[in-house]
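Listed below are the residues making up each chain.
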Amino acid sequence: MFAVGGFGTAHSVGEIADRCEGGGGGIDAAGEARGNFLEEPAVAVGILEGGEGAGKSTLIANLRNELIARGCDVIVTREPGGSKLGDHIRNCLLNPEFGISFGSQAELLLFLASRAQHIEEVIRPALAKEKVVLCDRFNDSTVAYQGVGRGLGFEYVQQLCDLVSDDIVPDLTFFLDIDPVLGQSRIERQKEKDTTSRPLDRLEAEKLEFHRKVHSAFHQLARNHPKRIHVIDASRSEEDVLKQVLKVIY
Ligand code: Z5A
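Residues numbered from 1 in each chain as written. Predicted model: local features only at pLDDT ≥ 70, side-chain atom pairs only at ≥ 80, totals over all residues.

1. What to know about the environment of Gly-151
Its location among the elements puts Gly-151 in the loop between α5 (139-149) and α6 (154-165). Overall, Gly-151 belongs to the exposed group, with 11 C-beta atoms counted inside 10 Å. Along the backbone, Gly-151 and Phe-210 are 59 residues apart, and their C-alpha atoms lie at a distance of 9.9 Å. (Helix = DSSP H or I, 4+ residues; strand = E, 2+ residues; numbered from the N terminus. Buried ≥ 20, exposed ≤ 12 C-beta atoms within 10 Å, placed from the backbone.)

Okay, here's the thing in structure tokens:
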């Protein structure tokens, strides 16, 4: 998802392209800001959403390289995490070795605490420096996983997310759409190849039925926000997924 403006001002998708390609601004090879970045402080926050194994980490790395090549000053970040406190919360929330059990409300509030710190410590300062922020997961994940997956309520969780994220309003989101069975099989294959990789996290380890609910919640979000959320067919090749995303941006 790309949130352009980050201050509640919805810009058009094309503005990201303008800003990266020189028409609208960017950072030149010497590291100097150029174009209208200086006149217009709002930049871009790009956020990717989707189920496990959808390919967000893969896409975010490819997209970062592509945007840098087109002149953007990009930072990549993720949730939960992104800040020192957020990384501790991430470990607590996801690492099964911690052996901590959570109620759904406590889990929700920890994801939101991580977000609040991330916005304050990372996203706002990056926007103030006119960077393009690429973020792996944001509010839509909380609505899908905690609101629908955990059953806390779509509207209730949406309202809390809006409260915490305040004026950081993404206006372009990429939902990497993949059938949960295919997503899980990618993760299993990855683990077979890399036997040193981490164990399944607490949410990945949930049953297929949970992941199906989360998947349909992302579709509901996409229907609710057709201008902001772009559904990408994530069952395609890495190259094709990147192409679909670039087609939306440029
Ligand atoms: N969570 C939550 O509950 N509430 C919240 O508010 C937030 C998060 C913010 C951690 O997220 C968990 O937190 C997550 C949701 C929950 N749990 N789940 N389930 P995360 O984003 O850090 O973890 P993840 O979603 O589980 O990441 P992941 O499994 O690593 O998925 P990914 O980043 O989308 O996939 P990937 O690492 O890019 O790719 C996985 C494998 O597939 C890998 O071997 C790739 O080489 C392969 N791959 C990638 N793309 C392709 C294509 N196109 N074709 C074939 N193979 C591919």
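2. Thoughts on the nonpolar core
Within the largest apolar cluster, 48 residues are counted, with the highest numbers of intra-cluster contacts made by Val-45, Leu-59, Val-133, Ala-144, Leu-176 and Val-245. Tallying contributions element by element places helix α4 (residues 104-128) first for this core, with seven residues. If we ignore the near neighbours within four places in the chain, the residues touching Leu-176 are Leu-48, Gly-50, Ala-54, Gly-55, Lys-56, Leu-59, Ile-232 and Ala-234. (Core = buried A, V, L, I, M, F, W, Y, C linked by C-beta atoms within 7 Å. Contact = placed C-beta atoms within 7 Å.)

3. With respect to the site of the ligand
Around the ligand, the surrounding shell holds 27 residues, and the nearest of these are Gly-55, Ser-57, Thr-58, Thr-142 and Tyr-145. Going through the elements one at a time, α2 (56-69), α5, α7 (180-193) and α9 (238-249) are the ones with two or more residues in the shell around the ligand. No other element matches the four residues that α5 contributes to the shell around the ligand. (Near = placed C-beta within 6 Å.)

4. Examining the environment of Ser-57
Within the secondary structure, Ser-57 sits in helix α2. A count of 13 C-beta atoms within 10 Å places Ser-57 in the partly exposed class. With 79 residues separating them along the chain, Ser-57 and Asp-136 place their C-alpha atoms 7.3 Å apart.

5. Describing α4
Residues three or four positions apart in an α-helix share a direction because the helix packs 3.6 residues into each turn. Its 25 residues place the ends of α4 34 Å apart at the C-alpha level, agreeing with the 36 Å of an ideal helix rising 1.5 Å per residue. Of all the bends found along α4, the most pronounced is centred on Ile-119 and spans about 45 degrees. Those residues of α4 not exposed but buried are Glu-107, Leu-108, Phe-111, Leu-112, Ser-114, Arg-115, Gln-117, His-118, Ile-119, Ile-123, Ala-126 and Leu-127. Within two residues after α4, Glu-130 carries a phi angle of roughly 65 degrees, on the positive side. (Expected span 1.5 Å × (residues − 1). Bend = angle between axes of the 7 residues up to and from the residue.)

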